[in-house]
Amino acid sequence: VQLVESGGGLVQAGGSLRLSCAASGFTFSSYAMSWYRQAPGKGRELVAVISSAGGSTKYADSVKGRFTISRDNAKNTVYLQMNSLKSEDTAVYYCYAEYWRYNYWGQGTQVTVSS
């Protein structure tokens, strides 16, 4: 099983980034997929979640209206489009897959927003 995030980097406040998470080794289309983040010195927090078929999404209040989670089950990939980035969005972003009692984490990708 692998979850490989990409797309992180350094961006100025107000800018955009698109994170991708490529999955392999499990039946991707059966799993709800989430993005979490962890800022320095803080706990890991849920950013967004999308249902297995993509019909339902939820967001943390702090990112509503700025971030969009989506998935392509044909490509086994989940995305996080991040717009209007703020310095407080700086964190390591993790991809997470969950189905019943099975769950997997990616290794994370760093997002740094400069003010």
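First things first, this report covers the structure right here in the doc. As the structure is a computational prediction, the values presented were derived from the model and not from experiment.

Procedures and definitions
- Residues numbered from 1 in each chain as written.
- Predicted model: local features only at pLDDT ≥ 70, side-chain atom pairs only at ≥ 80, totals over all residues.
- Heavy atoms only, no water.
- Salt bridge = Lys/Arg side-chain N within 4 Å of Asp/Glu carboxyl O.
- Helix = DSSP H or I, 4+ residues; strand = E, 2+ residues; numbered from the N terminus.
- Buried < 20%, exposed > 50% of the residue type's maximum accessible area, 1.4 Å probe, protein only.
- Disulfide = S-S within 2.5 Å.
- Pairing = 2+ DSSP bridges.
- Axes fitted to C-alpha atoms, helices over the stretch in contact; angles between N-to-C directions.
- Phe/Tyr/Trp six-rings, centres within 6.5 Å; stacked < 30°, edge-to-face > 60°.
- Lys NZ or Arg CZ within 6 Å of the ring centre and 35° of its normal.

### Remarks on the pattern of salt bridges
Should the charged atoms of two oppositely charged side chains come close, the side chains can pair. Tallying each qualifying case throughout the model produces four salt bridges. When the shortest N-O distance is used, the salt bridge between R37 and E45 registers 2.6 Å. Close ionic contact of R37 with D89 constitutes a salt bridge, the shortest N to O distance being 2.9 Å. Of this pair, R37 sits in strand β4 (residues 32-38) while D89 sits in the loop between β8 (77-82) and β9 (91-99), and the two are 52 residues apart along the sequence. Take R37 and D89: they sit in the same class, and that class is buried. Among the charged side chains, a salt-bridge network with shared partners connects R37, E45, R66 and D89.

### Here's the deal with the state of the cysteines
One pass over the full model with this rule turns up one disulfide. The disulfide that involves C21 links it to C95, with 2.1 Å between the sulfurs. Between C21 and C95, the disulfide has an S-S torsion of -85° and is therefore left-handed. Of the two residues, C21 is situated in strand β3 (residues 17-24) and C95 in strand β9; the sequence distance between them amounts to 74 residues. Accessibility expressed as a relative area gives 0% for C21, which makes it buried.

### Quick notes on the sheet that holds β3
If you walk across this open sheet you meet the four strands as β1-β3-β8-β7, and the pairing is antiparallel. Where the open sheet ends on each side, the last strands, each with one partner, are β1 (2-6) and β7 (67-72). Neighbour-to-neighbour, the strand axes of the sheet open up by a mean angle of 15°, direction not taken into account. Here five bridges tie β1 to β3, and the two strands are oriented antiparallel to one another. In the sheet register, V4 faces β3, and the bridge partner there is A22.

### Digging into the packing of aromatic side chains
Counted by the stated rule, this structure contains 10 aromatic pairs. Aromatic side chains Y36 and Y96 sit 5.6 Å apart centroid to centroid with 80° between the ring planes, which places their arrangement in the edge-to-face category. With Y36 in strand β4 and Y96 in strand β9, this pair connects stretches of sequence that are 60 residues apart. Exposure class is identical for Y36 and Y96. Each is buried. Ring plane angle 90° and centroid distance 6.3 Å describe the contact between Y94 and W105, whose orientation is recorded as edge-to-face. Here W105 lies in strand β10 (residues 102-105) and Y94 lies in strand β9, a separation of 11 residues in the sequence. Residue W105 is classed as partly exposed on the basis of its relative accessible area, which comes to 38%. Following the ring pairs from residue to residue traces out a cluster consisting of F26, F28, Y31, Y99 and Y104. In this arrangement the basic side chain of R44 is found over the ring face of Y94, its NZ or CZ atom lying 3.7 Å from the centre. Here the basic side chain of R101 rests over the ring of W100, its NZ or CZ set 4.9 Å away from the ring centre.

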